[in-house]
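Here's the letter readout for the chains.
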Amino acid sequence: MLVYADMKLDCRPDSVTVVWTEGRSQADTSLFRLGSCFPTSFSATQAVFRVTGDYLMYTNDLTYGLSSDSQSVASTHPVVCAFKRPKDWFPVIYDPVFSTHGVGHLVFHLGLMNDDFSGPAESTTFALGSFIPIMASVSQKTHQPLLLLLEECVAATTQELKPESPVYPIIANKGCLVDSRMSHSKFEPRQKLSELQLSLQAFRFGLGEEVFIHCKLVAWDPNGLDGTKKACHYVKEHGWELLDNYAYSTLCDCCDSDCKSRRTRSLDSGRLGGAQKAVLGPLTIIDETS
């Protein structure tokens, strides 16, 4: 494509720049578009993101739309920016950064993963009854380790929860995986204090629709577990079990009633950790038998 000869592409984490030389006087630069961006304001606002092997790739189209009095056809040229994928990278669905007293800055992540949690999911469509691998994590700039917990999660068919929104409870009562009472959902053995892996069995709620999972993530002192700061799942023939220390599974006894804390120190004081709400989705659950 002659129109795109001698062009230079500059890929950066937060911008994309396309430069052409003055020797291209035969081209009307006002007719260039990168995605929907006009000249001098090119960016990756409408780029398509995908993961390929060890690389994170952003693709867009550089289009030269000819004027209305031209007999030629508009031409399009792909623009691709590839970045080496960090070893600990996974999709960031919601990543607010905030300060909590004594622990520095926290960044929470919630993402869909592949079957063995080794990387991001390649699809957001799941068969009814299959497992939806979900990873929650917290990054911190501090020497004090914090334990990542999911205090509550519900599924909804809307990205924003409203009082009238129908929901499907997944985690409730301060860290109880209530969905595991009626399914095979479970917390996976913890690999890091700062990560929590959930294998959620795909449910009928919102079948065939877009589903969003709304969660409250909590980063907490690993020595400060109690009835309101815990990760419990229901194991058939055994009952409620504490993920992080089976010997202290009595902390989960309240999962069938009302979990309360006896501690006088609260999360609001910021002395033990921090919390943030996050939304994952959309994802779709389908019934392959129908």
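Structure: above.
First, a word on what this report is: a plain description of the structure on this page. Note that the coordinates shown come from a computational prediction; the quantities given were computed from them, not determined experimentally.

A word on the nonpolar core
Here is step 1: Counting residues in each nonpolar core, the largest one holds 40 residues, and the members touching the most others are Ile132, Ile134, Ile170, Phe203 and Ile213.
Here is step 2: Of all the secondary-structure elements, those providing two or more residues to this core are strand E8 (104–112), strand E10 (131–140), strand E11 (147–156), strand E12 (167–171), strand E15 (195–201), strand E16 (210–220) and strand E19 (274–286).
Here is step 3: With 7 residues, E16 is the largest single contributor of residues to this core.
Here is step 4: Beyond its immediate stretch of four places on either side in the chain, Ile170 contacts Cys153, Val154, Ala155, Cys176, Leu177, Val178, Asp179, Leu200, Phe203 and Ile213.

Remarks on the side chain of Lys230
Here is step 1: By secondary structure assignment, the location of Lys230 is in the loop between E16 and strand E17 (232–235).
Here is step 2: An unpaired buried charge is present at Lys230: no salt bridge exists, and Asp226, the closest side chain of opposite charge, is 6.9 Å distant.
Here is step 3: At 3.0 Å, the side chain of Lys230 and the backbone oxygen of Asn173 are in polar contact.
Here is step 4: Of note is the side chain of Lys230, whose polar atom sits 2.5 Å from the backbone oxygen of Gly227.
Here is step 5: Beyond its immediate sequence surroundings of up to four residues, Lys230 is in contact with Leu149, Asn173, Lys174, Gly175, Cys176, Leu225, Leu242, Leu251, Cys254, Cys255 and Cys259.

Notes on the sheet that holds E17
Here is step 1: The strand order across the open sheet formed by 3 strands is E13-E17-E18, and the pairing between neighbours is mixed. Each having just a single partner strand, strand E13 (176–177) and strand E18 (239–242) make up the two edges of the open sheet.
Here is step 2: Across 2 bridges, E13 lies against E17 in parallel orientation. Following the sheet pairing, Leu177 is matched in E17 by His233.

Cut-offs used in this document
- Residues numbered from 1 in each chain as written.
- Predicted model: local features only at pLDDT ≥ 70, side-chain atom pairs only at ≥ 80, totals over all residues.
- Heavy atoms only, no water.
- Core = buried A, V, L, I, M, F, W, Y, C linked by side-chain atoms within 4.5 Å.
- Buried < 20%, exposed > 50% of the residue type's maximum accessible area, 1.4 Å probe, protein only.
- Helix = DSSP H or I, 4+ residues; strand = E, 2+ residues; numbered from the N terminus.
- Contact = heavy atoms within 4.5 Å.
- Lys, Arg positive; Asp, Glu negative; His and termini not counted.
- Salt bridge = Lys/Arg side-chain N within 4 Å of Asp/Glu carboxyl O.
- Polar contact = N/O pair within 3.5 Å; in protein donor to acceptor, adjacent residues only side chain to side chain.
- Pairing = 2+ DSSP bridges.

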